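What the coordinates show
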Amino acid sequence: MAERAAIAEALRLLCARIPTERVFTDKTILEHYARDETPDLSYTPDIVVMPISTQEVSEIVKICAHLKIPLTPRGKGTGVAGGALPIDGGIVLSFERMNKIIEIDPKNLIAIVEPGVITREIDNAAKQFGLMYPPDPSSLDSCSIGGNVAVGAGGPRAVKYGTTRDYVIGLECVCANGEIIALGGKYVKNATGYGLIPLLVGSEGTLALITKIVLRLLPRPTASLAMLIPFDDIGLALTAAEKIIMAKIIPAAIEFMEEDALRLVKEYFFLEMPFPTAQAHLLIEIDGSSEDELLRQAQEIVSLSTIHESNVIIAMTEQEKDRIWKTRRLIREAISKKSPIFLAEDTVVPRASIQRFILQLKNEFKKQKLTSLMFGHAGDGNVHVDVLKGDMPIEQWRLLLPSLKEIIYQIAVECGGTISGEHGIGFIKRDYLPTAMDNHAIELMRAIKRAFDPLGILNPNKVI
Ligand SMILES: Cc1cc2nc3c(=O)[nH]c(=O)nc-3n(C[C@H](O)[C@H](O)[C@H](O)COP(=O)(O)OP(=O)(O)OC[C@H]3O[C@@H](n4cnc5c(N)ncnc54)[C@H](O)[C@@H]3O)c2cc1C
């Protein structure tokens with residue numbers, strides 16, 4: 001915990017350097033920044049500050065370094081690993097006002113953005129030039145690109161296009177002593193020294209603060225379609241996903257949705273899928289340059305799924321596609337309406353092990369009489385495992401959580417996978433890092449942290 005006298009001094013220094021209308025100590029505001037989208041977690045900051053320039057970020061970091069006050073960077077607070085929460089209080093630095101798209105450069109296929117830009121806006125801006133920014137976390141209408149870069153966010157389209165990590169080619173950062181560094185640039189190849197950019201992507205605000213991002217863009221596919229395929233049981237849906245991958249078809253997305261998850265979307269958002277008796281669905285998006293080519297691929301996918309084509313919905317228009325995708329994107333919100341407290345894991349396993357992983361977990365949860373919901377990115381092995389608290393008393397739930405996490409992580413690792421595919425380690429998985437990493441690797445990470453942040457002021461208690 002930061003000492004009261006240090007906080008008071010920090011407030012005095014901040015107000016001398018940053019316009020006071022962007023420095024907050026009001027209780028209501030502090031309480032808002034005490035939470036992100038992680039259920040049952042709240043840590044209140046002492047001060048919230050909203051810089052509008054890299055220079056201001058640098059000033060704020062210098063104050064924190066001088067007074068040894070914890071500094072927690074925050075994008076839009078949609079993180080689900082508690083990464084943006086100030087565990088020891090101190091200052092939350094919100095990037096929400098640094099939200100400009102600085103440039104879309106169609107000659108170099110590049111975007112330069114500030115960290116607070118909403119992810120969808122980058123793709124929308126790229127679209128005007130016939131380009132696209134592919135990473136598409138399901139939260140893309142509410143999360144920020146800075147948060148995406150900080151955790152290495154993924155999304156449904158990772159199957160074909162990879163994750164945020166694959167698009168960052170330049171960063172401007174403020175280091176823990178307030179120094180500003182520029183890494184990379186508008187060039188797409190870079191073999192100059194150690195790869196600091198890939199190290200900072202996914203560092204969850206523990207090594208440096210990201211103040212500007214250079215992103216690679218791709219030519220936008222001119223045709224795309226979405227397919228909704230119903231199955232009588234989960235096993236059949238996952239087998240179909242495996243067969244599609246084995247047939248070397250690489251759709252843009254292959255999403256898997258259990259029936260119970262869709263039932264919640266219907267209950268809370270009145271959106272119903274056309275096959276209400278199906279036990280599981282695959283939502284597949286394919287894209288390319290001609291509709292004929294896509295329809296041929298769709299045909300192949302239908303026959304690999306061993307489903308009669310009259311039972312498959314093929315959405316060609318934007319409106320039809322949006323409707324199906326909306327249902328998928330609302331699953332997490334529907335779960336949180338049903339049970340505001342729930343465990344949400346984003347384990348990842350080799351694609352060919354998804355079935356074993358899910359069925360083993362389902363058995364485990366059934367034995368413990370727990371309600372679980374599975375959905376997510378079947379195409380890249382990143383399975384969302386959600387376990388609902390439901391009516392269980394909160395004390396019992398909190399006691400149960402560590403053993404639940406251990407079971408999920410253990411089975412993921414036994415299946416050849418790891419404990420986070422896209423949400424990051426943040427606060428809630430920190431104690432479980434040894435399940436997935438060698439001690440020596442963790443020691444190397446600690447040494448890296450010390451090299452970047454010797455005073456340990458940047459997002460303490462996260463990752464390691
Ligand atoms: C409904 C829903 C769906 C989701 N779907 C997906 C999904 O499909 N894929 C996925 O990957 N995630 C998903 N998420 C999780 C979340 O949206 C992502 O982790 C996202 O990247 C967080 O961005 P943010 O701007 O909200 O960051 P925050 O939550 O504010 O912060 C996340 C982390 O980044 C750090 N940080 C933020 N900005 C900076 C910066 N400029 N410099 C340094 N560190 C910084 C914070 O300290 C924190 O550790 C989902 C969340 C919800 C609620």
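Above this text sits the structure in question.
Residues numbered from 1 in each chain as written. Predicted model: local features only at pLDDT ≥ 70, side-chain atom pairs only at ≥ 80, totals over all residues.

On the basis of which strands lie adjacent, the open sheet formed by seven strands has the order β15-β12-β14-β13-β17-β18-β16 and antiparallel pairing. The open sheet is flanked by β15 (313–315) and β16 (342–345), the only strands paired with a single partner. If you compare each strand with its neighbour and ignore which way they point, the axes differ by 15 degrees on average. Note that β16 and strand β18 (residues 382–388) share four bridges and pair antiparallel. Bridge pairing links L343 to V387 in β18. (Pairing = 2+ DSSP bridges. Helix = DSSP H or I, 4+ residues; strand = E, 2+ residues; numbered from the N terminus. Axes fitted to C-alpha atoms, helices over the stretch in contact; angles between N-to-C directions.)

Right, let's get into the site of the ligand. Around the ligand, 39 residues are found, and the nearest of them are G75, G79, G83, G147 and G205. Those elements giving two or more residues to the shell around the ligand turn out to be β3 (71–74), α5 (145–151), β10 (209–216) and α12 (331–338). Per-element tally for the shell around the ligand: the top contributor is α5, with five residues. Here the shell around the ligand is built from residues that sort into 12 nonpolar, 18 polar and nine charged. (Near = placed C-beta within 6 Å. Nonpolar A, V, L, I, M, F, W, Y, C, P; charged D, E, K, R; others polar.)

Since the α-helix advances by 3.6 residues per turn, residues separated by three or four positions end up pointing in the same direction. Helix length check: helix α16 (residues 439–452) (14 residues) gives 20 Å between terminal C-alpha atoms against 20 Å at 1.5 Å per residue, within 8%. Here α16 lies mainly on the outside; one of its 14 residues are buried. (Expected span 1.5 Å × (residues − 1). Buried ≥ 20, exposed ≤ 12 C-beta atoms within 10 Å, placed from the backbone.)

The next point concerns helix α14 (residues 394–414). Here α14 contains 21 residues, and its C-alpha end-to-end distance of 30 Å stays within 8% of the 30 Å for a straight helix at 1.5 Å per residue. Listed in full, the buried residues belonging to α14 are W397, I408, Y409, I411 and A412. The secondary structure elements touched by the buried residues of α14 are β16, α13 (354–367), β18 and α15 (433–436). Where α14 ends, the next residue or the one after it, G416, has phi of about 90 degrees, a positive value. (Contact = placed C-beta atoms within 7 Å.)

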